[in-house]
Amino acid sequence: MSSFFYYVIMKLMIDMRKKKKKLRLKSSVKLFLVLVVFLFIGCNIAKVTYDDYLYKKSSDYAILQLGYSVDDLKLIDSKLNDEQKWHIAKDIGNNEFIMNFIKCDYFIAKNLDAYLKQTVTKEEDFWHYKKPDYYKYDELVAKVNTKTDNEYYTETVETNMDLGSAILVNKYYYLPEEYEPDDLVDIEWKYRFGNKNDHIKVRQETYEHFLDMWNAANEAGYYLMAYSGYRSTEHQKRIYNEYLNKNGVSYADSIAARPGHSEHSTGLALDIYSKTCSQASLFKDTKAYQWLLNNSYKYGFILRYPEGKSKLTGYNFESWHYRYVGVELAEKVYNSGLTYDEYYAFYLEK
Ligand SMILES: [Zn+2]
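Residues numbered from 1 in each chain as written. Predicted model: local features only at pLDDT ≥ 70, side-chain atom pairs only at ≥ 80, totals over all residues. Heavy atoms only, no water.

**A word on the sheet that holds strand β6 (residues 269-274)**
The condition that has to hold: Two strands are counted as paired when DSSP detects at least two bridges linking them. Only DSSP runs of H or I with at least four residues qualify as helices, and only runs of E with at least two residues qualify as strands; both kinds are numbered from the N terminus onward. The axes are straight lines fitted to the C-alpha atoms, using for helices just the contacting stretch, and the angles between their N-to-C directions are given from 0 to 180°. Contacts are assigned to residue pairs with any non-hydrogen atoms lying within 4.5 Å of each other.
Taken in spatial order, the four strands make up an open sheet running β5-β6-β8-β7, and their pairing is antiparallel. Each of the sheet's edge strands pairs with one partner strand only, and the pair in question is β5 (224-228) and β7 (301-303). When the angles between neighbouring strand axes are averaged without regard to direction, this sheet yields 45°. Strand direction decides the pairing type here: β7 and strand β8 (residues 321-324), joined by three bridges, are antiparallel. In the sheet register, Leu303 faces β8, and the bridge partner there is Tyr322. Where helix α14 (residues 287-295) meets the sheet, its contacts fall on β5, β6, β7 and β8, and the angle it forms with β8 comes to roughly 25°.

Next comes the structure, spelled out in structure tokens:
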């Protein structure tokens, strides 16, 4: 294509040379052409100058001026919006820890200040200053994302009920006062501990999925039994206050959830053991637990307080406590390897 144009231009030039006399232009036309050329060049210079002016007023420029590298800026750009970038440029400045946080898989931009609070700069506190490689950034990100950088039951918020079976209830997120599910159903005696006249209730959908799971477990040779289900906030209050009056706040908090903060009040949580083992300390060593650990997600349940994650969940490992979140979400949570608290912060709340 370009060689074709080249050919055409050459041909025209040869023709022009031939017809030189005819083509002699009037001086006014010449002047006009010169003006057009100058205008064109002038516009381009103005545009370049204006672009440069705009660039120098941008957050990108301000960040680079602080000493961040171009690669840093690329990463910052991919995870923070312009307002957040200005926050770095104007308020945070050059910080030797910041990129380590931004690099983390589960970095959440709105938590940036809280992440940085986990580190100590030389200017802040010379005696407690630690070099950047001292910190475990992924752990700090998880800590802040799950709000566990705050004392339990501080910075609490009412949980977002619009999320249905995906709601988060823990030591920071609580159920609306007087919340009571309107679709609670009794778990048949066959599937639960207790006397025939007792009641263990869960929400309808949770029960249906529990039955599916029960059947699958049964086929695999395990007889699951529900031990505890829905507890009203009122009931939770009685339990909690009993411990509180007996031995004080820290004791009560270590044993029971505060009213409104118990997953059992959602109607979506079940304590599950097997017919042959209903002892909290022993259930983790049973094959029934192994089956639940590896299969419960297929029926919409997640192990809510996994082993080794108590710092993030706020609860010691509970091999028996399962939470219904729906099949699709349970599979995602299972595959992520995250606690529900971490998953919620990064994927559902962010
Ligand atoms: Zn439980």
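**Some words on the domain arrangement of the chain**
Operational definition: Throughout the structure description, domain borders are defined by an automatic or database domain assignment. Buried area is a sum: the accessible area each of two parts loses on coming together, probed at 1.4 Å, counted once for each and added. Salt bridges are defined as contacts in which a side-chain nitrogen from Lys or Arg sits within 4 Å of a carboxyl oxygen from Asp or Glu. Polar contact is the term for a pair of N or O atoms within 3.5 Å; when the atoms are in protein, one must be able to donate a hydrogen and the other to accept it, and sequence-neighboring residues count only if both atoms are side-chain atoms. Residue classes follow a fixed rule: Ala, Val, Leu, Ile, Met, Phe, Trp, Tyr, Cys and Pro count as nonpolar, while Asp, Glu, Lys and Arg count as charged, and any other residue, Gly among them, counts as polar.
Here the chain is described as being made up of domain 1 (59-145) and domain 2 (157-349). The straight-line distance from the C-alpha centre of domain 1 to that of domain 2 is 36 Å. Of the roughly 580 Å² buried between domain 1 and domain 2 on both sides combined, carbon and sulfur atoms contribute 70%. Taken together, the links from domain 1 to domain 2 amount to zero salt bridges. The interface formed by domain 1 and domain 2 includes zero residue pairs in polar contact (both at pLDDT 80 or more). A per-class count over the side of domain 1 that touches domain 2 returns four nonpolar, one polar and three charged.

**Some points on the layout of surface pockets**
Convention followed: Only protein atoms enter the 1 Å grid used here, on which a cavity is any set of points holding a 1.4 Å probe that cannot leave and a pocket is any open set flanked by protein within 12 Å on both sides along at least five of seven lines; residues with an atom within 4 Å of a point are listed as lining. Grid points are joined across faces, edges and corners, and a volume is the space filled by probe spheres set on the points.
Here the largest pocket is characterised by a volume of approximately 750 Å³. Considering the residues around the largest pocket, the lining is formed by 32 residues, among which Arg231, Ile255, Ala256, Asp271 and Glu318 are closest to the centre. Elements that contribute at least two residues to the lining of the largest pocket include exactly β5, α11 (233-247), α12 (249-255) and β6. Of the residues belonging to the lining of the largest pocket, the class tally is 14 nonpolar, 11 polar and seven charged. Looking at the second largest pocket, it is lined by 17 residues, and the ones nearest its centre are Asp138, Glu139, Ala142, Lys143 and Leu312. Among the elements of the structure, α9 (137-145) and α15 (310-313) are those that each provide at least two residues to the lining of the second largest pocket. For the lining of the second largest pocket, the residue count by class is seven nonpolar, four polar and six charged. Mapping the lining of the second largest pocket onto the domain boundaries places at least three of its residues in each of domain 1 (59-145) and domain 2 (157-349).

**A short note on helix α17 (residues 340-349)**
Heads up, the rule is: Classification of residues uses two cut-offs on accessible area relative to the type maximum, computed with a 1.4 Å probe and protein chains only: under 20% is buried, over 50% is exposed, and between them is partly exposed.
Burial runs high along α17: seven of the 10 residues are buried. Those residues of α17 lying buried are Tyr340, Asp341, Glu342, Tyr343, Tyr344, Ala345 and Phe346. Buried positions along α17 lie against α9, β2 (173-174), β7, α15, β8 and α16 (327-336).

**Some points on unusual backbone geometry**
In the Ramachandran plot, Lys147 falls in the positive-phi region, its phi being about 70° despite a non-glycine side chain. The residue Lys147 is located in the loop between α9 and β1 (157-158) in this model. Residue Lys147 is classed as buried on the basis of its relative accessible area, which comes to 18%. A positive phi angle, near 70°, is found at Glu178, a position not held by glycine. Tracing the chain through its elements places Glu178 in the loop between β2 and β3 (184-186). Glu178 sits in the exposed class, given a relative accessible area of 68%.

**Thoughts on empty space enclosed by the protein**
Using the criterion set out here, one finds one cavity of 30 Å³ or more in the structure. Quantified by volume, the largest cavity comes out at close to 40 Å³. Considering the residues around the largest cavity, the lining is formed by Asn145, Thr146, Lys147, Leu168, Asn170, Tyr173, Asp341, Tyr344 and Ala345. Element by element, the count of residues in the lining of the largest cavity is highest for α17, at three residues. Taken together, the residues of the lining of the largest cavity break down into four nonpolar, three polar and two charged.

**Concerning a nonpolar patch on the surface**
Inclusion rule: Here the term patch refers to residues with relative accessible area over 30% and no salt bridge, with like charges joined within 9 Å and nonpolar side chains (Val, Leu, Ile, Met, Phe, Trp, Tyr) within 5 Å. Accessible surface is estimated by sampling points in the Shrake-Rupley manner with a 1.4 Å probe; for residues, cover comes only from the protein chains shown.
Judged by side-chain polarity, Val29, Phe32, Leu33 and Val36 come together as a nonpolar surface patch covering roughly 350 Å² of accessible area. Residue position: Val36 is located in helix α3 (residues 27-56). With a relative accessible area of 40%, Val36 lands in the partly exposed category.

**Concerning the coordination of the zinc ion**
To keep things clear, this is the line we draw: Any N, O or S atom lying within 2.8 Å of the metal counts as a donor, and for Na, K and Ca the limit rises to 3.2 Å; water is left out, so some sites can look incomplete.
Looking at the zinc ion, one finds its protein donor set to be His264 (NE2), Asp271 (OD) and His321 (ND1), positioned 2.1 Å from the metal centre. All donor residues of the zinc ion come from one chain, and their arrangement in sequence is H-x6-D-x49-H. In this pair, Asp271 sits in strand β6 while His321 sits in strand β8, placing the two residues 50 residues apart along the sequence. His321 matches Asp271 in its accessibility class, with the two residues each being buried.

**Observations concerning the environment of Ile302**
Secondary-structure assignment places Ile302 in strand β7. As for Ile302 and Leu31, which are separated by 271 residues in sequence, their C-alpha atoms are 81 Å apart. For Ile302, the residues in contact, after removing those within four places along its chain, are His321, Tyr322, Arg323, Val325, Ala330, Val333 and Tyr340.

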